[in-house]
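The residues making up each chain are set out below.
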Amino acid sequence: MASSAKKKTTSKSKGDSSPAPKKKDAKPKGAKEEEEENVTPEADVGLRTLMPNVGYDDMTKMDDMTEELLLTNIRDRYHANVIYTYSTSILCAVNPYKQMKIYEPNVIKKYVGHRIGVQPPHLYAIAESAFTVMKDELTNISILVSGESGAGKTEGTKYVLRYLAARTSTTVAKIEQMLLATIPVLESMGNARTIRNHNSSRFGKYIKIQFDEQFNICGSKIKHYLLEKSRLCFQAEGERNFHVFYCMAAAPKEDKDRLFLDKKETYRYLNQSGTYDVPGLDEAHEWESLKKGLELFEVTNEDMWEMFSVLAAVLQLGNVEFSGEKATLVDKTSHYLEKASTLLKLERDSLLQGFRGKTMLVRGETVTVEFNSGQARDTADATAKALYAKLFDWMVRKLNEATFTTKYIARHFMGLLDIFGFEDLKTNSFEQLLINFANEKLQQFFNHFIFKQEQEEYEREGINWSKIQFKDNQECLDLIEKRPISLLALLDEECKFPKASDKTYVEKCTSNFANKHPNYEAFRMKPLCFKVNHYAGEVTYDTTTWLDKNRDELSQSLMDCIRSSKSHFVIDLFKERVKKSTEDKPKKEEKVTFGGAGKGKGKRRGGDEKLTCGAQFKNSLQKLMDMMANTRPYFVRCIKPNPRKKPDDFVEQDVMDQLRYAGMIETIRIRRMGYPIRYIHKDFFWRYKCLVDVKHWNETSHKASAGSLLPHLGIHPDHIQLGNTKVFMKQEVSNNLDDRRIAKLMVVIIRIQAWYKMRVKRNEYLRQKEAAAVIDDIWRMKERVDRLKRCQAAVLTMQCFWRVTKAKRALTRRKAEEAERRRKEEEERQRRIKEIGEKAFREEEAKKAQAMREAAMNKQAELNEKRSKQPKKPVEKKKVKKPKRRQPKGKEGPKFLPDKFSFGFGWSLPPLRHVDFDLCAMQFDESGSLLDVSYYNQLKSLDGSMVHKGDDRKGDTEKRTNEEITVVLSKMSPKVVAVAFAVTCYSDGYTWSYAKTAHYTIKDINGGMFEQFDFDTQVLGKTHNAMLVGFAGKREAEKWEFVKCGAPKNGKFFTNIVKSVQDELDGEGAINLPDEERPLPEYKTIKGEETPLPFSINRLMVGLGWLGKEDLDLSCLCFRFNELIETIDPVVHRTSKDGSVVHSGDRKVGSGKGDDERLYIDLKKVDNRITTLMILVNLFKCDTGGFNRVRNAYVRVLDDTNPKDRKNMFQFDLSEVGNRSAQITCKINRNGGKWDVTAMGEPSYGFYYEQMVPKMVPFLPVIPEVKRYQLTVHGEVGLCDLDAQDKNDPYWEAHFDQESYKSARIKRGNVKTVWEQSCELTGQTDAMDITVWNHSKLSKTFLGIAHVPLAPLIKQGKKINKENFPLQERGKKGDKTQISGSLTVSVIELKEGEVASKKKKKKA
């Protein structure tokens, strides 16, 4: 423990409000009832089922402290599947060698917020305590996981990481996922199977987990120590090489072919031990997991395969063999050298020369030293080890780059030390010496923290204490590292001499230490071996190749060869890097150095600053010790129950040896007798003064104030002592005081919370009261206003009624007066007739009328004469501001366009306003049909004569041209006679008045300006948002003339103004448009354009084609307005219920040779309920990217009425929709009996058609209300003028939505046929169809079908009154129009409650 500790070592949850109740459990023989209970009843539920209460949870509470009872307690708990035991805050963990259910997420939740001792012993409790201390005391933490190889250190580190990741956030963030993913990535390259462990870490690591100000994980950094490179070239029996090589051998064939890999039994680095597998490990799965893990750390695909290439090259180098004194390359292994040089991108001869010799500079001259076959083989092994070590360093560096956070973000850290355990193998080499040296250091750190520092603290504070003797390993450390004479120092010295050897090194060690140092022993019969007595036992070391391992370098010629690689990755591996020495240094005021023998320089001869391998390891280990000395340490001692790695097997002697080596007996004794919890006087008084009445306080000094509390706390004097500067307590006393303190604080906290909640509720009540008063006033006001309005309405109603009554009375009176007047005039008329006769009376009446006319004419003449004499006022003409037109210089007259010109349009906007105008060019033929178009969604016309340069969506005040179309007149089809240039506004709700300026320019590509013109946007008006700029018309001698138009239009897309543009063409007299239906173009790729299908097309085929490995699916979704009725897809529903839509083919890969998937649609069979068919394309299982990965993808619609002669009507390209995974290509709408096709091209997201249904609803009409219509067929034109002797009787059938009506047969004879028949139809669509048949005795003949659109009737509220509708062909095979003509039809919309009038047949 640090000498300047200011706060409590362990912490407690804030949620515990009272001391735990006492509980007496049955204990094994020798145990007693606990005075303070460790586990609360609430926490006991569930956890005690997994970890039963066997023996002692904390070994410091045992009655008798003997090795036998300690071993018995651990053994009994182990056999009861309880593997964790406390020694206060030190955790003893026994490896169970089997899966256990004590690491589930629900177990993690039970340890959150609880101090050590509340829950059963667990790694999670240590992690929670460390996290809480870091959070409360704002100090850094180290958790040291130690033990022998195979004791479970690596797994324990994983569980601590998992707990911290789950503890610091509610949802695991990316940085926490990456932190957990570092372990398997490191294990793949740093772990291997050994005799003692199937997943043994062959390197040490210190994981520094960084926390931000909110104590959430914000980063991490990994420091690794001493990778066992010798394992790469040699493995003992029953062991394996590093895991990554076996994962590569289990990779898919295409990956192995890419890396030139063969079977794992082929390679010398893998087949020496004869062991290839690990039980329960799936190498193929681990290969895929490794690649995904590297991708998580942002390792590019290129770097990842470069890394695998280096690993494959290492395996190839292991099979290269040499023979003879001149190291001749064996022919049968030459291909391995070829593969290695190819993978490393090196010159083969240069690499071979580096293996066969080295170049040295001696006295200014270059000398070449040739190797024999053995030396060449050793050089190849050294190269492989250097490559692997550099690659391991690179991988750790990449992990740190992805997870490390700067010190400005990270405030505190928690370090996890997982380092190699003590090793004593059959053959112990240089690596085992360094591993055991590291364990000696850790043991010394443990002794220093537990024993030395603890006892020195007690003596300094004047505490009653009996000193405990413990085993100190300082002599062994001095033997290994103390300068100037030690094992490592002598090894560095021997490396300086050219003629030194491993034997001379052993001789020097023997002469310096034999019979002089108690921890060193020499062998007479083994000149290359010596023995060292470590804290864990005696180990015999074999010094073969120790000098080479300590030098750890390649020859300069071989380094130059490697650095000449064409691979930047290989060059980067061997690049010299300057290490940042300040990253892990503690702050100056906190700096504490842990004792050692000093840092060795390990310099090479000639002033080279490179350190030897031993010196590097020694220095890095000393830095680790210094850093941990400045943190609060926690210890986890891992115990290996048996050497056979079997579950439920407890070898008592092996466990006892490990407990002795770890000093657990002394640790428990000092923890039991000592006082682990301590506070400075001031902190103790302020923390626990709430437990003592204020009258007992003595605040004369800090020590007096702390001492005044002790007699009144009710604690035994042996359990708490007052030191010179601190108060010392046992762990159970601290727990008891904390529970009492929290209970006191909870009373105050509850009062504060109650007061605060009362204030919040009261404020909320006052706000609601004020709001209720305002609402009450508003409601009263509204009620009075409504009453006033009702009164006003009633008054108006009464007034109207009174006026109507008065008007009716006046009308009645006037009618009576008029009737009386007429009666009197008639009586006078009859009287005059009787008097003068009827003839004379008529003459008299005529004279009176003539006189009245003459009087009226005279009066009108007088008025005209009077008006003519009055002076006329001049009429003021309104001045119209005409736009200025800039005429080009030259002669006046027709302006003929050049062959190549660019038509540009520009506009500017006021500040903070964005309006998107779009320029388009449309081609028309002589009949006025639209042939092609160039606009933002189709930049290039089909013939290539018009090219749109791009879409500008904001406008610019600086540019003269925002959008531009290049036109080459000579490329245009001969059918084109006019090109219209128009501008539409894509922004909703905007008009020309929002634009500041607008202008167009025409430039000759080979010359200068042809014409430019500025429009007045205010003249164009506030109601128009489009404009027809002008025409390019074809004249005589293949010349084209431009005519400016400037006509304002309305439309968001160019398809909205095509009809008005055609009308303008008619008005100019350039093109005469017929009224009949225009022919369909060969291809339609224009987004938003709707094209009606004639009755002659009743079958369609929709084809999907593409090229690539992606899986595209073609689907059809059937809607009734915006409600989904049915789906047709390539997997589940291949055919619709009515059989009208059939899916054919489901290819996983596009062939690029035609339609890969097809939909066959019979329009006549489609259910009457269905109004819309949506054609959809999905990119199935698209993880990244979208249609931009698909090549040559399209959807086309063909006329399939005659399958032997299919005609292509529409085609939509899918390869330009970016990273979207779905596209709505087109929709087919029902229009009565006809169908319309609308190009959609709407990109979206979704792997399945179900995900696309909500995204299609905006493009579908809402469900309209039900309408009733009265249909009357009055007659025909040119249909029934047949031979009077024809005895066939025609009749008609009406179809509207889901209803139909069949008329009575119309008899024919010598008289004129009468058609007048009516019916009533109800539905929701906007068109109906009338089919006419000719009935005979044996069959019926189809005469034609008339399409009656109801949309104008619905929109304008009008009726169709005796209008003619032409009869058309239906297109079904075998049905042809027999007689041409039309029907005369009337349609009236019936209101609710209105009855249709039934017209009877009229007699001839």
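What counts as what
- Per chain, residues are indexed from 1 in the order of the written sequence.
- The predicted nature of this model means local features are confined to residues of pLDDT at least 70 and side-chain atom pairs, given and counted, to a pLDDT of 80 or more, with totals for whole chains, interfaces and linings taken over all residues.
- Remark: hydrogens and water are excluded; side-chain values derive from all non-hydrogen atoms of the structure.
- Between the N-to-C directions of two axes lies an angle of 0 to 180 degrees, each axis being a line fitted to C-alpha atoms and, for a helix, fitted only over the stretch in contact.
- Note on conventions: DSSP H or I runs of at least 4 residues are helices, E runs of at least 2 residues are strands, and numbering of each starts at the N terminus.
- Here roughly perpendicular refers to angles of 65 to 115 degrees, roughly parallel to angles under 35, roughly antiparallel to angles over 145, and oblique to all remaining angles.
- Crossing handedness is defined as follows: a turn of the near helix away from the far one that is anticlockwise and smaller than a right angle gives a left-handed crossing, while the clockwise case is right-handed.
- Should any heavy atoms of two residues lie within 4.5 Å, those residues are counted as being in contact.
- The nonpolar class holds Ala, Val, Leu, Ile, Met, Phe, Trp, Tyr, Cys and Pro. Asp, Glu, Lys and Arg form the charged class, and all remaining residues, Gly among them, are polar.
- In what follows, salt bridge is the name for a side-chain nitrogen of Lys or Arg lying within 4 Å of a carboxyl oxygen of Asp or Glu.
- Any residue under 20% of the maximum accessible area for its type is buried, any over 50% is exposed, and the rest in between are partly exposed; the area is computed with a 1.4 Å probe on protein chains only.
- Here, expected helix span is obtained from the residue count minus one, scaled by 1.5 Å.
- What makes two strands pair is DSSP finding at least two bridges between them.
- Pairing of aromatic rings covers Phe, Tyr and the six-membered ring of Trp, with a centre-to-centre limit of 6.5 Å; geometry is then stacked below 30 degrees between planes, edge-to-face above 60, and tilted otherwise.
- Both a distance and an angle decide whether a charge sits over a ring: NZ of Lys or CZ of Arg must be within 6 Å of the ring centre and within 35 degrees of the ring normal.

Participant: Explain the packing of helix H4 (residues 123-137) against helix H5 (residues 153-167) to me, and be specific about the residues and the numbers.
Facilitator: Close contact between H4 and H5 brings their axes to 9 Å; oriented N to C, the two are set at 55 degrees. If you check the angle between H4 and H5, you find them oblique. By crossing handedness, the relation of H4 to H5 is classed as right-handed. On H5, the residues that touch Leu-123, Tyr-124, Ala-127, Glu-128 and Phe-131 of H4 are Gly-156, Tyr-159, Val-160, Tyr-163, Leu-164 and Arg-167. Of the residues contributing to the contact of H4 with H5, the split by class is eight nonpolar, one polar and two charged.

Participant: Summarise the pattern of salt bridges; cite the residues concerned and give the values.
Facilitator: Inspection of every chain in the model, using the stated rule, returns 59 salt bridges. The closest approach of N and O atoms between Asp-349 and Arg-348, which form a salt bridge, is 3.2 Å. Ionic pairing is found between Glu-494 and Lys-508, a salt bridge with its closest N-O pair at 2.7 Å. A residue pair is termed long-range when its members are at least 10 positions apart, and Glu-494 in helix H17 (residues 487-494) and Lys-508 in helix H18 (residues 502-513) qualify at 14 residues. Using a relative accessible area of 25% as the deciding quantity, one classes Lys-508 as partly exposed.

Participant: Quick rundown of the side chain of Asp-1162? Include the residues and the values.
Facilitator: Mapped onto the elements of the fold, Asp-1162 is located in strand E37 (residues 1157-1162). Those residues in contact with Asp-1162, other than ones at most four positions away along the chain, are Asn-1098, Arg-1099 and Ser-1140.

Participant: Outline helix H22 (residues 613-629), supporting the account with residue identities and numerical values.
Facilitator: Over its 17 residues, H22 runs 24 Å from end to end, which matches the ideal 24 Å to within 8%, given 1.5 Å per residue. Counted residue by residue, H22 has 15 buried out of 17 residues, so it is predominantly covered.

Participant: Go over the pairing of strand E6 (residues 204-211) with me, naming the residues and quoting the values.
Facilitator: Summarising burial for E6: eight of the eight residues are buried, a large majority. Of the strand pairs in this sheet, E6 and strand E7 (residues 217-225) are connected by eight bridges, and their pairing is antiparallel. The partner of Ile-209 across the bridge, within E7, is Ser-220. Two successive antiparallel strands, E6 and E7, enclose a turn made up of five residues, where Phe-215 displays a positive phi of approximately 60 degrees. One ladder, built from seven bridges, connects E6 with strand E12 (residues 412-418); its direction is antiparallel. Residue pairing in the sheet places Phe-211 in a bridge with His-412 of E12.

Participant: Give a detailed account of the packing of aromatic side chains, specifying residues and quantitative values.
Facilitator: A full pass over the atoms with the stated rule returns 40 aromatic pairs. On the basis of an interplanar angle of 75 degrees and a centroid distance of 6.2 Å, the ring pair of Tyr-111 and Tyr-124 is categorised as edge-to-face. Here Tyr-111 is found in helix H3 (residues 105-111), whereas its partner Tyr-124 is found in helix H4, with 13 residues between them in sequence. Each member of the pair, Tyr-111 as well as Tyr-124, carries the same accessibility label: buried. Above the plane of the ring of Phe-413 lies Lys-208, whose end atom (NZ or CZ) is 4.6 Å from the centre.

Participant: Explain the sheet that holds strand E29 (residues 1026-1034) to me, and be specific about the residues and the numbers.
Facilitator: Ordered in space as E23-E22-E26-E29-E30, the five strands form an open sheet in which the pairing is antiparallel. Since the sheet does not close on itself, it has two edges, and those belong to strand E23 (930-934) and strand E30 (1040-1049), each with one partner. The average undirected angle you get between the axes of adjacent strands in this sheet is 20 degrees. In the sheet, strand E22 (residues 917-924) pairs with strand E26 (residues 978-985) via eight bridges, with the strands oriented antiparallel. Note on E26: the bridge partner recorded for Ala-921 is Phe-981.

Participant: Help me get a handle on the environment of Asp-1213, residues and values and all.
Facilitator: By the element assignment, Asp-1213 lies in strand E40 (residues 1207-1213). Along the primary structure Asp-1213 and Ala-1193 are separated by 20 residues, whereas in three dimensions their C-alpha atoms are 6.0 Å apart. Setting aside anything within four residues of it in sequence, one finds Asp-1213 in contact with Ala-1193, Tyr-1194 and Gln-1223.

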